[in-house]
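Take a look at the letters that make up each chain.
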Amino acid sequence: MRKQKVTAYLDARLADDLEALAARRRVPATRIVEAALAYFLSPDGAEQSEAAITRRLDRMTRAIERLERDQEISAEALALFIRFWLTATPPIHDELRDAAQAKGKERYAGFVDALARRLAKGTTLAREVSREVSAETESE
């Protein structure tokens, strides 16, 4: 393959970045410049970049859709719990209030412990609901 010498002037910062990249990758700076020029001059270089960006955007879109679904499941679960709690919990008489508050603190501590174990295990409500919905859909 015939090689031709080309002299070009680079901004000092760009030249430093080029030398640093060449050192990190342990390749000559010439090879990096050749690859960059080939990509820049390639007629399908823009198409390749667009395809790569499109793939990344598609992955990000799917991730955002999963986040939206998980957030919706969490909000609905919380709303159902609050509705149930408000309708099922009777008012507390004043003489029982201190005992009820102590029991509430004890239950809350148990809740936090259970939540910590569940999160450490990696099991989430969203995953469980997704599995259950998938299983129901498949059985129908």
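1. A word on the packing of helix α3 (residues 45–88) against helix α5 (residues 125–139)
Piece 1. At a closest axis distance of 9 Å, the pairing of α3 and α5 adopts a crossing angle of 95 degrees. Here α5 runs roughly perpendicular to α3, going by the angle between their axes. On α5, the residues that touch R69, D70, I73 and A77 of α3 are L125, A126, V129 and S130.
Piece 2. Of the residues that constitute the contact of α3 with α5, the class distribution is five nonpolar, one polar and two charged.

2. Regarding the pattern of salt bridges
Piece 1. By the definition in use, this model includes four salt bridges.
Piece 2. The partner of K3 in a salt bridge is E34, and the shortest N-O contact between them spans 3.0 Å. Placement of K3 in the segment before α1 (12–25) and of E34 in helix α2 (residues 29–41) is noted, with a sequence separation of 31 residues between them.
Piece 3. Classification of K3 by relative accessible area gives exposed; the value is 56%.
Piece 4. When its relative accessible area of 36% is taken as the criterion, E34 is described as partly exposed.
Piece 5. One salt bridge connects R69 with D70, and the closest N-O pair in it is separated by 2.9 Å.
Piece 6. For R69, a relative accessible area of 39% corresponds to the partly exposed category.

3. Remarks on a negative patch on the surface
Piece 1. Taken together, the side chains of D11, D16, D17 and E19 make up a negatively charged region of the molecular surface.
Piece 2. Structurally, the position occupied by E19 is in helix α1.

4. Some thoughts on the confidence of the model for the chain
Piece 1. Confidence in the prediction for the chain averages 88 pLDDT; 100% of positions are at 70 or higher.
Piece 2. Highest mean pLDDT in the chain belongs to α1 (94); lowest belongs to α5 (78).

5. Let's talk about unusual backbone geometry
Piece 1. Here the phi dihedral of R26 falls at roughly 55 degrees; this positive angle occurs in a residue that is not glycine.
Piece 2. Take R26: it is sitting in the loop between α1 and α2.
Piece 3. Since its relative accessible area comes to 78%, R26 is described here as exposed.

Conventions we followed
Residues numbered from 1 in each chain as written. Predicted model: local features only at pLDDT ≥ 70, side-chain atom pairs only at ≥ 80, totals over all residues. Heavy atoms only, no water. Axes fitted to C-alpha atoms, helices over the stretch in contact; angles between N-to-C directions. Helix = DSSP H or I, 4+ residues; strand = E, 2+ residues; numbered from the N terminus. Parallel < 35°, antiparallel > 145°, perpendicular 65-115°, else oblique. Contact = heavy atoms within 4.5 Å. Nonpolar A, V, L, I, M, F, W, Y, C, P; charged D, E, K, R; others polar. Salt bridge = Lys/Arg side-chain N within 4 Å of Asp/Glu carboxyl O. Buried < 20%, exposed > 50% of the residue type's maximum accessible area, 1.4 Å probe, protein only. Patch = residues over 30% accessible without salt bridge, like charges linked within 9 Å, V, L, I, M, F, W, Y side chains within 5 Å. Areas by Shrake-Rupley, 256 points an atom, 1.4 Å probe, with all protein chains shown as cover. Lys, Arg positive; Asp, Glu negative; His and termini not counted. Charge placed at Lys NZ, Arg CZ, Asp CG, Glu CD. pLDDT = per-residue confidence, 0-100.

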